[in-house]
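A closer look at the structure
Chain residues, written in single-letter form:
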Amino acid sequence: MIQETLTLEAKTYYSGFQQAHDTYNGISAASDGKIYYILSSDQHNIGGRMFVFDPLTDQIRFLGDLTEICGEKGLNLIAQGKSHVRFYERNGKLYFSTHVGYYQLIEGMDRLPVAAPEGFGLYAGGHFLSYDLATEKFEDLAIVPGGEGVVSMTMDTDRGHLYGISWPTGRFLHYNVDENELKTFDRVSGLGEAGTPGADFRSLCRSLFVVPDTGSVYFSTAEGNVFTYNPAEGNVQKLADADLKLDYFGKYDPTRPGSMCYNWRKIFWYATEQVAYGVHGNSGYLFKFDPKTETTEIVDRITSLPSQRSGMFDQFSYGYLGFQLAPDQETIYYLTGGPIYIDGKRVKGEEQIAKGAAKGLENLHLITYNIPNRHYMDHGPIFYENGDRPTYVNSIAVGNDGSVYALARIEREGKVIQDLIKISNPF
């Protein structure tokens with residue numbers, strides 16, 4: 001795997017949202033060739049905003065405010081600050097969900113607010129939403145009970161079922177689009193991220209996948225277990241033999257915050273082999289999971305070349321979400337970290353933090369991995385036109401022309417905000 005490191009340049013865009021904060025997932029390419037994305041807000045009174053980018057015109061258009069789309073404008077509730085999920089397309093509509101963006105920081109941990117700012121009510125709960133590509137109309141489908149957000153979601157686009165996990169307690173969610181029915185199940189892992197560190201705290205799974213042939217959905221837990229749900233059976237079940245507690249992933253205490261532990265970070269179904277391909281966030285190992293045999297097989301380590309040489313984990317405590325199968329349906333695109341060296345010494349970050357965040361500064365690398373050929377390539381660190389580094393990148397979309405899109409921190413007029421970036425086709 002000896003390879004000279006290249007460099008890439010990312011073009012930055014300005015969507016006009018001066019309060020834009022970090023977005024996780026929240027970007028996808030649709031069948032119309034356009035890139036749809038959401039910029040988040042961490043303010044109690046400002047909602048996240050949805051935009052569309054047209055590669056043909058190189059123009060951005062504002063589509064809507066999440067709080068207003070959810071019918072909560074003027075209610076003086078904590079805003080619908082973000083969407084934590086990708087968009088899923090079915091019958092000309094994009095499906096997604098909302099999440100709380102305003103937290104209370106308690107003992108170094110982001111918590112769901114228990115006391116709203118003066119004049120405001122508590123967060124009402126995340127919503128399942130759809131957007132019609134033809135009419136440009138939004139539809140508010142359902143709200144999660146108990147005032148919890150939606151931290152992860154996937155969709156069975158054949159059958160019209162949305163699946164998710166609520167935050168912070170981690171309840172499994174199932175919404176049937178055609179029947180307009182929401183089902184809420186028990187917590188999937190301890191008390192989730194509402195728990196007490198050292199006791200019932202558990203980092204929650206950020207990515208689920210569906211097997212199209214069976215309609216079953218799968219997700220992981222911090223302990224390394226894998227659970228499944230099939231709507232025909234109607235109950236969440238733990239797989240008896242599946243185990244993600246691999247030595248190569250590292251050693252973790254699932255009751256402690258600051259990592260995803262044995263959860264997979266991101267995963268997708270790969271129909272060609274009838275298995276799911278995923279990445280473990282902290283270690284950067286690519287693996288495949290076979291739901292039929294309930295087995296996990298390590299494929300390769302797809303961290304950047306500088307990370308592999310250093311032997312160290314990347315700086316983002318949860319690992320990276322910018323992991324996706326490209327339109328060719330055989331190449332993985334992965335945005336991940338790479339260490340920075342000054343005078344020959346690696347720049348170190350914090351040893352431990354109690355939430356999902358960067359422990360220190362690092363480069364952003366684009367990795368591609370062709371599954372049939374088992375071909376890995378590090379396309380090198382990415383820089384803006386002015387030489388700055390993209391940071392806090394936990395999203396990715398690949399356009400029809402091979403361009404890579406993500407949401408990243410950008411300094412604009414002395415203020416750091418999150419916005420759209422574009423990396424031209426690296427091949």
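Residues numbered from 1 in each chain as written. Predicted model: local features only at pLDDT ≥ 70, side-chain atom pairs only at ≥ 80, totals over all residues. Heavy atoms only, no water.

**Some points on the layout of surface pockets**
Take a probe with the size of a water molecule and roll it over the atoms, and the empty space left behind shows itself. Inclusion rule: As defined here, a cavity is a set of points on a 1 Å grid over the protein atoms alone where a 1.4 Å probe fits but cannot get out. A pocket is an open set with protein on both sides within 12 Å along at least five of seven lines, and residues line them when an atom is within 4 Å of a point. Grid points are joined across faces, edges and corners, and a volume is the space filled by probe spheres set on the points. Helix and strand definitions follow DSSP, with helices as H or I runs of at least four residues and strands as E runs of at least two, each counted in order from the N terminus. Residue type decides the class: Asp, Glu, Lys and Arg count as charged, Ala, Val, Leu, Ile, Met, Phe, Trp, Tyr, Cys and Pro as nonpolar, and the leftover types, Gly among them, as polar.
The computed volume of the largest pocket comes to approximately 1,100 Å³. In this structure, the largest pocket is lined by 39 residues; those nearest its centre are Arg86, Tyr88, Phe268, Gln324 and Gln329. Here the element with the most residues in the lining of the largest pocket is strand 12 (residues 149-156); it accounts for six residues. Here the residues of the lining of the largest pocket are counted per class, giving 23 nonpolar, 10 polar and six charged.

**Details of the pairing of strand 15 (residues 181-187)**
Which entries qualify depends on this criterion: DSSP calls a pair of strands paired once it identifies at least 2 bridges connecting them.
Sheet analysis places strand 14 (residues 171-176) next to strand 15, joined by five bridges and oriented antiparallel. The residue of strand 15 that forms the bridge with Tyr175 is Leu182. In sequence, strand 14 turns back onto strand 15 through a hairpin of four residues, with Asn180 there showing a positive phi of about 50°.

**Considerations on the environment of Val279**
To keep things clear, this is the line we draw: A contact between two residues is defined here by any heavy atoms of the two lying within 4.5 Å.
Take Val279: it is sitting in strand 21 (residues 275-279). C-alpha separation for the pair Val279 and Arg202, spaced 77 residues apart in sequence, amounts to 19 Å. If sequence neighbours within four positions are ignored, Val279 has contacts with Trp264, Arg265, Lys266, Gly284, Tyr285, Phe287, Ile302, Phe323 and Tyr334.

**Quick notes on the nonpolar core**
To be explicit about the condition: Here the nonpolar core consists of buried residues drawn from Ala, Val, Leu, Ile, Met, Phe, Trp, Tyr and Cys, with membership extended through side-chain atoms lying within 4.5 Å. Relative accessibility under 20% of the residue-type maximum defines a buried residue, over 50% an exposed one, and the middle range a partly exposed one, all with a 1.4 Å probe and only protein chains included.
With 34 residues, the main nonpolar core has Phe172, Phe209, Tyr218, Phe219, Val226, Trp264 and Phe289 as its most contacted residues. What Trp264 contacts, discounting residues up to four positions off in sequence, is Cys205, Ser207, Phe209, Tyr218, Phe219, Ser220, Val226, Leu244, Val279 and Phe287. Counting 29 residues, the second largest nonpolar core, distinct from the first, contains Ala30, Tyr36, Val52 and Cys70.

So, to be careful, I would describe these as geometric facts and stop short of saying anything about function.
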